[in-house]
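Remarks on the overall topology
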Amino acid sequence: MAAKQSGEPCGDSSSEGRCGRFVGRIRKFKPKEVFTWQLAKTLAMGQGLAGLICGTAVSSQYLATEFHLNTPMLQSFLNYVLLCVTYTTMLFCRRGSAIAGDGNILQILKRRWWKYLLLGLVDVEANYTVVKAYQYTTLTSVQLLDCFVIPVLMVLSWWILKTRYKLIHYVAVCLCLLGVGAMVGADLLAGRDQGSTSNILLGDGLVLLSAALYAVSNVSQEYTVKNLSRVEFLGMIGLFGTVISTVQMVILERKEVSAIVWSWQVGLLFSAYALCLYALYSFMPIVMKMSSATSVNLSLLTADLFSLFFGIFLFQYNFSGLYLVSLVVILVGFIAFNAVPTPTDPTATTTSSSSSSICEEGFYENPGAAENDAPVRIPAEVEEEDEEQRVDEPKRRASDLSRSLGEETDEDCSVGRSTKL
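**Comments concerning a nonpolar patch on the surface**
On the surface, a cluster of nonpolar side chains totalling about 440 Å² of accessible area is made up of Val243, Val247, Val250, Ile251 and Leu252. Take Leu252: it is sitting in helix α10 (residues 230-252). Residue class for Leu252 comes out partly exposed when judged on its relative accessible area of 42%.

Below, the structure is given as structure tokens:
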């Protein structure tokens, strides 16, 4: 009984201590430190990217429903051509850097051509497989399984980029996925489970494959943008993406492209799709450099909601209150994810320090750092001062030694006097 009675106050004190710490954290919470201008800018730009994806979805939906056109490779080809014309031309016009050595497109291709070839292949196939999946599975399956890109991104960021997530980041991701679940539930309640069911297993596999390919492309994009150059990434993607999409379009969509009945409406819809996708590719590296690939993909979860809101007016979709709930939940999760920064592994700082000295244009931030190998000449005056210091060094040591001996003798004398007294 005595032991129990003595244990009870300890439990009360521990619970009071926890409550006190929790209350202390709440009191220390400063909204101005969390809800910063940087967070607001990231949120606004992320939703702008979601709006561009909404533009591609609406224009593609018009092409499929009104004109019965299903040419995903042709639509992607137009985007890659725009990227090639803009950013690859910028790389051609850029002069090679004698310091960095990778400013010119020829030097980039000489050093990393096979990496960008694989990256271009991954990006082209990611765009193709997700559009192809709509022919075999339902819209609900695509919306749910497309979220697979987020856990794959987090794993790849942890492994390749050495990003370390905290508990709040996992909670924020779960909130965003919960918002997607509410959106899919609203689609089911509204009877908007569109799509084909000819081969659901194949369609779901294509969605998962596209999500994994998107994750690889986005992690590579984040690494390239933060360590090399945005122009280099987009220029190389435009170059290799144009070549790969041309070959694939000739092989797979030759009949569909030749059967298109061109009109100003069809041309306008193709142009709208290409321009929206081109703007998405151009601005995504900027947002990714400010935050991360995972943060950008969390913001893109609202793109389906924006498409639904447009579909209510354009395609007479049924409205549900769960759409607004889903939008709020996703935005709250996105804000919570970006409110706390994601630290990196300290052991990776040594490897990233060499690449962080390169600015966006491919030059070193400190050009003098690259000239350490050059011989350095010391002026004659400095050499004379060094010789004088070498000559005076023995004298200085001797004087210091004599002073120390003098101090010791004085101490001995004082000790002797004290003992006599």
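**What to know about the side chain of Ser282**
In this fold, Ser282 is placed in helix α12 (residues 264-290). Polar side-chain contacts of Ser282 include one of 2.8 Å to the backbone oxygen of Tyr278. Beyond its immediate stretch of four places on either side in the chain, Ser282 contacts Leu83, Tyr87, Arg230 and Leu234.

**Side note on the nonpolar core**
One finds Leu49, Leu298, Leu301 and Leu305 to be the most contacted residues of the largest nonpolar core, which totals 80 residues. Per-element tally for this core: the top contributor is α12, with 12 residues. When sequence neighbours within four positions are dropped, the list of residues in contact with Leu49 reads Leu280, Phe283, Met284, Val287, Val296 and Leu300.

**Thoughts on the pattern of salt bridges**
In the structure shown here, the tally under the stated rule is two salt bridges. Residues Glu232 and Arg112 are paired through a salt bridge, measuring 2.8 Å at the closest nitrogen-oxygen approach. Of this pair, Glu232 sits in helix α10 while Arg112 sits in helix α5 (residues 105-133), and the two are 120 residues apart along the sequence. Summarising the burial analysis for this pair, Glu232 and Arg112 share the class buried.

**Some thoughts on the packing of aromatic side chains**
Remark: the centre distance and the inter-plane angle together describe each pair of aromatic rings, the angle taken between the planes. Applying the stated criterion across every chain yields a total of five aromatic pairs. A ring pair is formed by Tyr80 and Tyr281, whose centres lie 6.2 Å apart and whose planes are at 75°; its orientation type is edge-to-face. Here the residue Tyr80 occupies a position in helix α4 (residues 72-93), and Tyr281 occupies one in helix α12, the gap between them amounting to 201 residues. Each member of the pair Tyr80 and Tyr281 is classed as buried. Measuring from centroid to centroid gives 6.2 Å for Tyr165 and Tyr170, while their planes differ by 65°, and the two rings are edge-to-face. The rings of Tyr165, Tyr170 and Phe337 are connected pair by pair, giving a single aromatic cluster.

**Here's the deal with the environment of Ser157**
Locating Ser157 in the fold gives a position in helix α7 (residues 149-159). Ser157 gets classed as buried once you look at its relative accessible area, which sits at 1%. Taking the C-alpha atoms as reference points, Ser157 and Ser292, separated by 135 residues in sequence, lie 9.1 Å from one another. Beyond its immediate sequence surroundings of up to four residues, Ser157 is in contact with Lys162, Thr163, Tyr165, Val219 and Thr294.

What counts, and at which threshold
Numbering of residues starts from 1 in each chain and follows the order in which that chain's sequence is written. Per-residue local features of the predicted model are confined to residues with pLDDT of at least 70, and side-chain atom pairs are confined, for both listing and counting, to 80 or more; whole-chain, interface and lining totals are unaffected and use all residues. Note: side-chain values were computed over all heavy atoms of the structure, leaving out hydrogens and water. Each patch is built from residues lacking any salt bridge and having more than 30% relative accessible area; the joining distance is 9 Å for like charges and 5 Å for nonpolar side chains (Val, Leu, Ile, Met, Phe, Trp, Tyr). Accessible areas in this description were obtained via Shrake-Rupley with a 1.4 Å probe; residue shielding takes into account the shown protein chains only. Whenever Lys or Arg places a side-chain nitrogen within 4 Å of a carboxyl oxygen from Asp or Glu, that contact is recorded as a salt bridge. Each helix corresponds to a stretch of at least 4 residues labelled H or I by DSSP, and each strand to a stretch of at least 2 residues labelled E; elements are numbered beginning at the N terminus. Three labels apply to residues, based on accessible area from a 1.4 Å probe with only protein chains included: buried if under 20% of the type maximum, exposed if over 50%, partly exposed otherwise in between. Two N or O atoms form a polar contact when they lie within 3.5 Å of each other; inside protein one atom must be a possible hydrogen donor and the other a possible acceptor, and for residues adjacent in sequence the pair counts only when both atoms belong to side chains. Residues are treated as being in contact if the distance between any of their heavy atoms lies within 4.5 Å. As used in this record, nonpolar core signifies buried Ala, Val, Leu, Ile, Met, Phe, Trp, Tyr and Cys residues forming a set joined through side-chain atoms within 4.5 Å. Between 30 and 60 degrees the pair is tilted, below 30 it is stacked and above 60 it is edge-to-face, where a pair is any two Phe, Tyr or Trp rings, Trp via its six-membered ring, whose centres lie within 6.5 Å.

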